[in-house]
Amino acid sequence: MNNKLIAIATGVCFLTGCDRGSAAADTLAAKSLADKSVANMVPVQGGEFLMGDFGPLVGEKLPFSIQQDDKKLHKVVLSDFAISKFKVTNADYAAYLKATGIKPPPVNILLKDYPSIAKDDYSVGVTWQQAKNYCQWLGKVSGKNIDLPTEAQWEYAARSRGQYLPFATDNGKFEEGKNIPNEDQLNKYTDGYGFPIYPIGKYPPNPLGLYDMGLSGSEWVNDWYASDYYSHSQVNDPQGPEKGTRKVLRGYVGGDSQYALTMFRQSSQPVPKFGGRDNYDKYGVSPLYVFRCVMNK
């Protein structure tokens, strides 16, 4: 058995008091989750693209996004990386908690009222730090350089290596009932709740082979948020501002399809409020705050 995995399990057991048998089982579970996660990474060849609202360059030559923080088109050059084919699911996160002995986070009230959202094949809702910890833990177990994607990596992958695709669907269009669920389907998936949350892999991937990019919740990325960052972003492998108070999110949270645009920027406090209520211990995290990981060279 891998010495690094034994060390990880031993450290967890020192804190939690588990026996050697359970430690070995948890170590194997950790390796199984890491192996599966790495196998589900889609290689992305790096390259150059124009990041931001490319609407003025194509079609009717009008902005796609109503935001102002994405209007500065700027050249970005990215190194090769790989990105998760699917968002991290409830089942993945439960296996991670069991393997590490980390205390489960508070259950969001929506999961009590709408239990389908808590099923194994739905994306897990977590804080930014919980998402980052999960990705970095995968890296430790697998021996790979795994983390949350940068904002630039996320957009480049959503746009299938920087193509001018407004939505990260199979055809770049937003077609309810075809490449995204319609209202009736969403109600079915969410016990009548109707928010855009649904099981992974139900609809066709984007041309790069990634499922639900910018759909079924907003995805955490690594970067701090700054509204003017595009005006001074570095060209090569940008990492976002050095500090901030909010983290960047990308993806659909319901209502207007603007949120699903591949260039549409959002942000949140790293521990997001639920319904405006600043009480994480009581309300947990909305299932709309989801994530996937990247593997860097």
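The rules behind each value
Residues numbered from 1 in each chain as written. Predicted model: local features only at pLDDT ≥ 70, side-chain atom pairs only at ≥ 80, totals over all residues. Heavy atoms only, no water. Pairing = 2+ DSSP bridges. Helix = DSSP H or I, 4+ residues; strand = E, 2+ residues; numbered from the N terminus. Contact = heavy atoms within 4.5 Å. Axes fitted to C-alpha atoms, helices over the stretch in contact; angles between N-to-C directions. Phe/Tyr/Trp six-rings, centres within 6.5 Å; stacked < 30°, edge-to-face > 60°. Lys NZ or Arg CZ within 6 Å of the ring centre and 35° of its normal. 1 Å grid on protein atoms, 1.4 Å probe; cavity = no way out; pocket = protein on both sides within 12 Å on 5 of 7 lines; lining within 4 Å. Points joined across faces, edges and corners; volume = space filled by probe spheres on them. Nonpolar A, V, L, I, M, F, W, Y, C, P; charged D, E, K, R; others polar. Parallel < 35°, antiparallel > 145°, perpendicular 65-115°, else oblique. pLDDT = per-residue confidence, 0-100. Buried < 20%, exposed > 50% of the residue type's maximum accessible area, 1.4 Å probe, protein only. Core = buried A, V, L, I, M, F, W, Y, C linked by side-chain atoms within 4.5 Å. Salt bridge = Lys/Arg side-chain N within 4 Å of Asp/Glu carboxyl O. Polar contact = N/O pair within 3.5 Å; in protein donor to acceptor, adjacent residues only side chain to side chain. Disulfide = S-S within 2.5 Å.

Engineer: Tell me what's going on with the sheet that holds strand β8 (residues 266-268), and back it up with residues and numbers.
Structural biologist: Taken together, four strands build an open sheet; the order of strands is β8-β7-β6-β9 and the sheet is mixed. The outermost strands of the open sheet, each flanked by one partner alone, are β8 and β9 (289-290). Relative to strand β7 (residues 247-250), strand β6 (residues 218-224) is paired through three bridges, and the arrangement is antiparallel. Bridge pairing in β7 links Trp220 to Leu249. Across the sheet, helix α5 (residues 128-142) lies against β6 and β7, angled at about 85 degrees from β6, the strand it touches most.

Engineer: Talk me through the packing of aromatic side chains; I want residue IDs and the actual numbers.
Structural biologist: This model, assessed by the stated rule, comprises 20 aromatic pairs. On the numbers, 6.5 Å between centres and 25 degrees between planes, the contact of Trp128 with Trp224 is stacked. Of this pair, Trp128 sits in helix α5 while Trp224 sits in strand β6, placing them 96 residues apart in sequence. Looking at Lys247, its charged tip hangs above the ring of Trp224, at a distance of 3.7 Å from the centre.

Engineer: So what's going on with empty space enclosed by the protein? Residues and values would help.
Structural biologist: For the structure on display, the rule yields two cavities of 30 Å³ or more. In this model, the second largest cavity occupies a volume close to 40 Å³. Lining the second largest cavity are Met51, His74, Glu151, Ala152, Asp223, Tyr229, Tyr230, Ser233, Pro238 and Gly240. The class makeup of the residues in the lining of the second largest cavity is five nonpolar, three polar and two charged.

Engineer: For the packing of helix α3 (residues 90-100) against α5, give the residues involved together with the corresponding values.
Structural biologist: Relative orientation of the contacting elements α3 and α5 amounts to 70 degrees, with a least axis distance of 11 Å. Of the possible angle classes, the one that applies to α3 and α5 is roughly perpendicular. Facing Asp92, Tyr93, Tyr96, Ala99 and Thr100 of α3, the residues of α5 in contact are Gln130, Asn133, Tyr134 and Trp137. Within the contact of α3 with α5, the residues separate by chemical class into five nonpolar, three polar and one charged.

Engineer: For the confidence of the model for the chain, give the residues involved together with the corresponding values.
Structural biologist: Reading predicted coordinates in detail is not appropriate for stretches of low pLDDT. For the chain, the average pLDDT comes to 92, and 92% of its residues sit at 70 or higher. Per-element confidence in the chain is highest for helix α6 (residues 151-158), whose mean pLDDT is 99, and lowest for helix α1 (residues 3-16), whose mean pLDDT is 40.

Engineer: Lay out the pairing of strand β3 (residues 74-78) with the relevant residues and their values.
Structural biologist: Regular strands show a simple pattern: their side chains alternate between the two faces of the sheet. Along β3, the buried face is formed by His74, Val76 and Leu78; none of Lys75 and Val77, which line the opposite face, is buried. In the sheet, strand β2 (residues 47-51) pairs with β3 via five bridges, with the strands oriented antiparallel. Across the sheet, residue Phe49 finds its bridge partner in β3, namely Val76.

Engineer: Any details on the nonpolar core? Residues and values, ideally.
Structural biologist: Tyr134, Trp137, Leu138, Phe291 and Cys293 are the most contacted members of the largest nonpolar core, which has 28 residues in total. Where this core is concerned, the elements lending two or more residues are α2 (20-39), α3 and α5. Among the elements that make up this core, the one with the highest residue count is α5 (seven residues). Listed in part, the 23 residues of the second largest apolar core include Val42, Val76, Ala152 and Tyr156.

Engineer: Pulling in residues and values, what's your account of the pattern of salt bridges?
Structural biologist: Summed over all chains, the structure comprises eleven salt bridges. A salt bridge links Lys31 to Asp35, with the shortest nitrogen-to-oxygen separation between them at 2.8 Å. Residue Lys31 and its partner Asp35 are both found in helix α2; the two are separated by four residues, about one turn of the helix. Between Glu155 and Arg250 there is a salt bridge, with its nearest N and O atoms 2.8 Å apart. Of this pair, Glu155 sits in helix α6 while Arg250 sits in strand β7, and the two are 95 residues apart along the sequence.

Engineer: Which residues make up the side chain of Lys132, and what values go with them?
Structural biologist: Here Lys132 lies in helix α5. Look at Lys132 and you get buried, because its relative accessible area is 14%. In terms of polar contacts, Lys132 uses its side chain to reach the side chain of Asp147, at 3.0 Å. Those residues in contact with Lys132 that sit more than four places away from it in its chain are Asp147, Leu148 and Asn222.

Engineer: Now, about the state of the cysteines: what can you tell me, with residues and values included?
Structural biologist: Inspection of every chain in the model, using the stated rule, returns one disulfide. Paired by a disulfide, Cys135 and Cys293 hold their sulfur atoms 2.1 Å apart. When the S-S torsion is -85 degrees, as for the bridge of Cys135 with Cys293, the disulfide is left-handed. Taken together, the positions of Cys135 in helix α5 and Cys293 in the loop between β9 and β10 (294-296) put the pair 158 residues apart, joining distant regions of the chain. Of the two residues examined, Cys135 and Cys293, each falls in the buried class.

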